[in-house]
Amino acid sequence: MSRAIHYLFVHAMDCCAHVELNGFPIVDLVPITMVRTEAPMVNQLLVGRGNTLTVTLSPLAPAEAGSVPPASCEGSLRRLTPADEWASPDAGTGVVSFGIPDALREQAHSE
């Protein structure tokens, strides 16, 4: 019997991303080249129902007034089986996805 593996794919650009699953830090992305992707396995942190995914973003460096870079962070928790193609962030079945809402992105650029 094969067992599914859960991966958390996180892609960040022009920002730092700290991701926790059920209170445990699992990703700390500081993009050196401005873009970075990470995909750790998270089976050991899932508790069945009621899992909590927390994503905290911060700027790469303090920004001057009116010069907020177009930061981007998106990701998804995916369930993969041995039959799935594992090389792509779109592989397997999506359990949950996240990103920066457009309204929040617009608010950051207007401040």
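Parameters and conventions
Residues numbered from 1 in each chain as written. Predicted model: local features only at pLDDT ≥ 70, side-chain atom pairs only at ≥ 80, totals over all residues. Heavy atoms only, no water. Pairing = 2+ DSSP bridges. Helix = DSSP H or I, 4+ residues; strand = E, 2+ residues; numbered from the N terminus. Axes fitted to C-alpha atoms, helices over the stretch in contact; angles between N-to-C directions. Contact = heavy atoms within 4.5 Å. Polar contact = N/O pair within 3.5 Å; in protein donor to acceptor, adjacent residues only side chain to side chain. Buried < 20%, exposed > 50% of the residue type's maximum accessible area, 1.4 Å probe, protein only. Phe/Tyr/Trp six-rings, centres within 6.5 Å; stacked < 30°, edge-to-face > 60°.

Student: Any chance you could break down the sheet that holds strand β2 (residues 16-21) for me, citing the residues and the numbers?
Tutor: Spatial strand order, β3-β2-β5: three strands in an open sheet with antiparallel pairing. Either end of the sheet is taken by a strand with one partner, and the two such strands are β3 (24-29) and β5 (53-58). Going across the sheet, the axis of each strand differs from the next one's by a mean of 15°, ignoring polarity. When β2 meets β3, the two strands line up antiparallel, connected through five bridges. Each residue of the ladder has a partner; that of leucine 21, found in β3, is phenylalanine 24.

Student: Can you lay out the environment of arginine 79 for me, pointing to particular residues and giving the numbers?
Tutor: For arginine 79, the location among the structural elements is in strand β6 (residues 72-80). Along the primary structure arginine 79 and glycine 92 are separated by 13 residues, whereas in three dimensions their C-alpha atoms are 5.5 Å apart. Once residues lying within four places of it in the same chain are set aside, the contact partners of arginine 79 are Ala4, Ile5, His6, Asp84, Gly92, Thr93 and Val95.

Student: Can you explain the side chain of asparagine 43? Please cite residues and give values.
Tutor: Turning to its location among the elements, asparagine 43 is positioned in the loop between β4 (35-38) and β5. Looking at asparagine 43, its side chain comes within polar contact range of the main-chain nitrogen of histidine 6, at 2.5 Å. Beyond its immediate stretch of four places on either side in the chain, asparagine 43 contacts Arg3, Ala4, Ile5 and His6.

Student: Go over unusual backbone geometry with me, naming the residues and quoting the values.
Tutor: Of note in the backbone geometry, asparagine 22 takes a positive phi value of approximately 55° without being a glycine. Mapping asparagine 22 onto the fold places it in the loop between β2 and β3. Taking the relative accessible area as the measure of exposure, asparagine 22 reaches 22% and is therefore partly exposed.

Student: Hey, could you go over the packing of aromatic side chains for me, with residue numbers and the actual values?
Tutor: By the definition in use, this model includes one aromatic pair. Their ring planes at 35° and their centres at 6.3 Å tell us that tyrosine 7 and phenylalanine 9 sit as a pair that is tilted. Using a relative accessible area of 19% as the deciding quantity, one classes tyrosine 7 as buried. Judged by relative accessible area, phenylalanine 9 falls into the buried class, the value being 10%.

Interpretation in functional terms is not warranted from these geometric data alone.
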